[in-house]
Amino acid sequence: MKTLRLFPDADGLARAAALLAQGATVAMPTETVYGLAADARNGEAVARIYEAKGRPSFNPLIVHIPDLASAEAIATLPDQARLLADRFWPGPLTMVLPLRSDAGIAALVTAGLTTVGLRLPADPTARALMRAFGGPVAAPSANASGRISPTSADHVLDPEGGLEGRIAAVLDAGPCPVGLESTIVGWPGGRATLLRPGGLPAEMIEAVLDQPLARHEGDPSAPSAPGQLTSHYAPRALLRLNATTPEAHETHLDFGRPGPFSLSDSGDLAQAAARLFDLLRRADTLGRPISVAPIPEQGLGAAINDRLRRAAAPRP
Ligand code: TXA
Ligand code: MG
C-alpha cells in the first residue's frame, strides 16, 4: 500500500471521506496530535487501526465527533460532563462516559468496556472531514504503538517507525498547535477524575467544576486506564530529566533560555508543549543521550512532565 498525502481542500477532504466510508484508515490532524481515523461503526475498519499501529488490542480508542448531538447519540452525559462540554468543546478534552446501548459503535472501539472516550476536536480539518464523512471516527494517535505521538504529517509518515505504507492516506494540515494529547476526564465511581493530563490544564477544569479532580491511581497493568503502559512515549535515546547542567555528550532540551533544542526561549509552556514531540524526535535522530531542563509543574507543565517521565521510564 502506498500512503496518499492529501491536503484539506475540497478534493482532499472528499477523497479522505470516501476512504473512511470504504473502511480504510486515514491519519487526520487535530489541534493536539495527528490521529489515525477509521469509521467507529465498522469493526473491520477499526481493526485496521490496531493492525497499522501494532497496538495491543485491549487499549480502548477515543471516538471523535463533530458536534454535541453526536455525543448524545453515543453516550450519556452527567451534569458535570455537560458543563465541561459547554465550556471546553470543541477543544483538547476527552471525556470517558457511559456508552448508550443504541450507540452503534463497534465493540472493538471500547475494547468491550461499557464506557466510551469522546472528543470534539477544534481543528477545522478534522471537523470538515467528519462532516464530509458523516459519522463518528475512532482515532488513537497516529504513531506505531509505544512511539512518540505525531504532531505533523511528516511524523506520521516517518520512514523510521512511522505509518508510511501501513495506512491509506494522511491529511496534511501542517503542525498541531497544542502538541500534547487531550486531557482525559472520567467519572469512575461517580467522582470527576483526571485520567490523563493533557492539552487542557487540569486547573481550568477544576475551576469550572468548582472542585478538585480526583487523581487516577490505578494498577499500572490495568488496561482500562489511559496512557499507563510504562514507556508509552519512548524515544530511542536515554533521557535525563530535571537537568540543570547538561553534560557535554548530551543533546539538551532547554527551557526558558535560547538554544538549538530549546522548548521555549521565553519559558512559555504552551510553546514548549507544541514543540515537545518534534524536538524529542529531532534530538533522537542525533543518537546521543538527551537531557531536559526542569519544567514547572503547573498548567500545561503537568502534562509535559507526564510525557517526559514516560519517555524516560525503563523500557520493557
Ligand atoms: O489528543 C488526543 O486525545 C489524541 C487525538 C488523536 O485525539 N488521541 C489519543 O488517543 O491520544 P490514544 O488512543 O493515543 O489515547 C487514548 C487514551 C488511551 O490511553 C485509552 O486507554 C483511553 O484514552 N481511553 C479511551 N477510551 C477509554 C475508556 N472507555 N475508558 C478508559 N480509557 C479510555
Ligand atoms: Mg497514543
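Residues numbered from 1 in each chain as written. Chains lettered and ligands numbered in written order. Predicted model: local features only at pLDDT ≥ 70, side-chain atom pairs only at ≥ 80, totals over all residues. Heavy atoms only, no water.

Each assigned domain of the protein chain is listed with its residue range as follows: domain 1 (4-77 + 92-180) and domain 2 (239-312). With centres defined by C-alpha atoms, the gap from domain 1 to domain 2 works out at 28 Å. Taking both partners together, domain 1 and domain 2 bury about 960 Å²; carbon and sulfur atoms supply 61% of that area. Of all residues in domain 1, the largest losses of buried area upon contact with domain 2 belong to Ile148, His155 and Leu180, amounting jointly to 63% of the total for that side. Among the residues making up the side of domain 1 that touches domain 2, the classes are represented as seven nonpolar, four polar and two charged. (Domains from an automatic or database assignment. Buried area = accessible area lost by both parts, 1.4 Å probe. Nonpolar A, V, L, I, M, F, W, Y, C, P; charged D, E, K, R; others polar.)

With 94% of its residues at a pLDDT of at least 70, the protein chain reaches an overall mean of 93. Contacts for the low-pLDDT stretch residues 219-229, under 50 throughout, to residues beyond four places or in other chains number 19 contacts. (pLDDT = per-residue confidence, 0-100. Contact = heavy atoms within 4.5 Å.)

In the contact formed by helix H1 (residues 10-21) and helix H6 (residues 124-133), the axes pass within 9 Å of each other and the chain directions differ by 55°. Taken together, the axes of H1 and H6 lie oblique to each other. Crossing handedness for the pair H1 and H6: right-handed. Together, Leu13, Ala16, Ala17, Leu20 and Ala21 of H1 and Thr125, Ala128, Leu129, Ala132 and Phe133 of H6 make up the contact between the two elements. Residue classes in the contact of H1 with H6 are distributed as nine nonpolar, one polar and no charged. (Axes fitted to C-alpha atoms, helices over the stretch in contact; angles between N-to-C directions. Helix = DSSP H or I, 4+ residues; strand = E, 2+ residues; numbered from the N terminus. Parallel < 35°, antiparallel > 145°, perpendicular 65-115°, else oblique. Left-handed = near helix turned anticlockwise from the far one by under 90°.)

To continue, consider the sheet that holds strand E11 (residues 214-215). As summarised here, the arrangement of the eleven strands in space is E1-E8-E2-E3-E7-E4-E6-E5-E9-E10-E11, forming an open sheet in which the pairing is mixed. Bordering the open sheet on either side are strand E1 (4-6) and E11, each of which pairs with just one other strand. Examined bridge by bridge, strand E3 (residues 35-39) and strand E7 (residues 137-138) share two bridges and lie antiparallel to one another. When the bridges of E7 are listed, alanine 38 appears paired with alanine 138. Contacting E1, strand E2 (26-28), E3, E7 and strand E8 (169-171), H1 runs over the sheet at an angle of about 130° to E1. (Pairing = 2+ DSSP bridges.)

With that settled, the discussion passes to the pattern of salt bridges. For the structure on display, the rule yields 18 salt bridges. Linking arginine 100 and aspartate 102 is a salt bridge whose minimum nitrogen-to-oxygen distance equals 2.9 Å. When its relative accessible area of 52% is taken as the criterion, aspartate 102 is described as exposed. A salt bridge links arginine 282 to aspartate 278; the shortest N-O distance between them is 3.2 Å. Of this pair, arginine 282 and aspartate 278 both sit in helix H9 (residues 269-285), separated by four residues, roughly a single helical turn. Overall, arginine 282 belongs to the partly exposed group, its relative accessible area being 39%. Take aspartate 278: its relative accessible area is 25%, and that puts it in the partly exposed class. (Salt bridge = Lys/Arg side-chain N within 4 Å of Asp/Glu carboxyl O. Buried < 20%, exposed > 50% of the residue type's maximum accessible area, 1.4 Å probe, protein only.)

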